[in-house]
Amino acid sequence: MLKKLWTHYFIPQEKNNHRATLLKPNFLLFFLILYLLNQSVIKTLVIIKPGILGYSSEITVQKVLDQTNNERKNLGLESLSYNSILSQSAQKKAEDMFENDYWAHNSPQGKTPWTFFDASGYKYSVAGENLAKDFYNTESLIKAWMNSPTHKANIVHQKYKEIGIAVVNGTIDGIKTTLVVEHFGTPLIGQIETSSTLTNDSQVSKSSGVKTGNILAGNSEKLISPLTVSKIFNSAIFIVLVIVLFVDGYITIKNNVHRLTGSTVGHIGFLIFIFLLMIYNQQGSIF
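I will try to describe carefully the structure that is included in this document.

What counts, and at which threshold
Residues numbered from 1 in each chain as written. Predicted model: local features only at pLDDT ≥ 70, side-chain atom pairs only at ≥ 80, totals over all residues. Heavy atoms only, no water. Core = buried A, V, L, I, M, F, W, Y, C linked by side-chain atoms within 4.5 Å. Buried < 20%, exposed > 50% of the residue type's maximum accessible area, 1.4 Å probe, protein only. Helix = DSSP H or I, 4+ residues; strand = E, 2+ residues; numbered from the N terminus. Contact = heavy atoms within 4.5 Å. Pairing = 2+ DSSP bridges. Phe/Tyr/Trp six-rings, centres within 6.5 Å; stacked < 30°, edge-to-face > 60°.

In this structure, Ile 59, Val 64, Leu 141, Trp 145, Ile 165 and Val 180 are the most contacted members of the largest nonpolar core, which totals 22 residues. Those elements that provide at least two residues to this core are helix H3 (61-74), helix H6 (138-146), strand S3 (162-172) and strand S4 (175-187). At five residues, the largest contribution of residues to this core is made by H6. If near-sequence neighbours (up to four positions away) are discounted, Val 64 is found in contact with Ile 59, Thr 138, Leu 141, Ile 142, Trp 145, Ile 165, Val 180 and Glu 182. Judged by nonpolar contacts, the second largest core, of 14 residues, contains Ala 94, Met 97, Tyr 102 and Ala 166.

If you want it as structure tokens, here you go:
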């Protein structure tokens, strides 16, 4: 029984018109429907069980600080000094996004990045903000920022002297996520020196391990990551189709089979589509 199923679905032969059944249009459509169904289930879970999905992250304030300064050093620029007041500003911005459920530089209530600079008491001559969410590691986060002209401009801005960073966990649109906020600035002449040396993340993430509103910092809860679910599902479809296409092509060439059914170009196009979906789903978001 299993052998018949294997040969019918995976092996081109006379019974399936010399085209593996899994490569026929109706089965390709079936795979596409499975993908869309998977995405729908994820969205439904967000509505029914808000907070059950989430991204686990190994990003820390120290890593973001070090790698941001490494990018500046690579271009011959001075390192940015860690500033505790700027970090408070970044922390307040992250908390505000969680509390008001938005993802943008400007809040629905009209708050701008400068609102948080001012509220923290940081007097600046120039300032800037980088935002990111849903990244698993610092390397991919910094790479995404450096690949974006506007975010890179903040990281390598020659007029910036100081930086504040917040890495905060919380829930946006029903999904638990990690927000990373960078606040850049240069203090006005005469402002009290607020720079300090960052020795551990607790200097910035003061709410670590404490639940404040809907802000969850230092959360060790096991989460089901929609990123992982989509990655595994899309990878499984991609691998199956690659194997079937390889076997189909090999047997067809070996047996010198001439056929009028199906299109190899179409199959390759479908595989490229699945591959692009996999790549897209692996990326975090920057703003």
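On to the pairing of S4. Extensive coverage of S4 is indicated by the burial of eleven of its 13 residues. Both strand S2 (residues 124-133) and S4 contribute to a ladder of nine bridges, which runs antiparallel. Bridge assignment links Ala 132 to a residue of S4, and that residue is Val 180. Relative to S4, S3 is paired through eleven bridges, and the arrangement is antiparallel. Looking at S4, one finds that Val 168 is bridged to Leu 179. Between S3 and S4, which pair antiparallel one after the other, the connecting turn spans two residues, and Asp 173 there sits at a positive phi close to 55°.

Here we come to the packing of aromatic side chains. The description of an aromatic ring pair rests on the distance of the ring centres and on the angle between the ring planes. Applying the stated criterion across every chain, the model contains six aromatic pairs. Ring geometry for Trp 103 against Phe 287: centres 6.1 Å apart, planes inclined by 75°, an arrangement best described as edge-to-face. In this pair, Trp 103 sits in the loop between helix H4 (84-99) and helix H5 (113-119) while Phe 287 sits in the segment after strand S7 (285-286), placing the two residues 184 residues apart along the sequence. The exposure class of Phe 287 is partly exposed, given its relative accessible area of 35%. Both rings, one in Trp 114 and one in Phe 117, keep their centres 5.7 Å apart while their planes meet at 45°; by these two values the pair is tilted.

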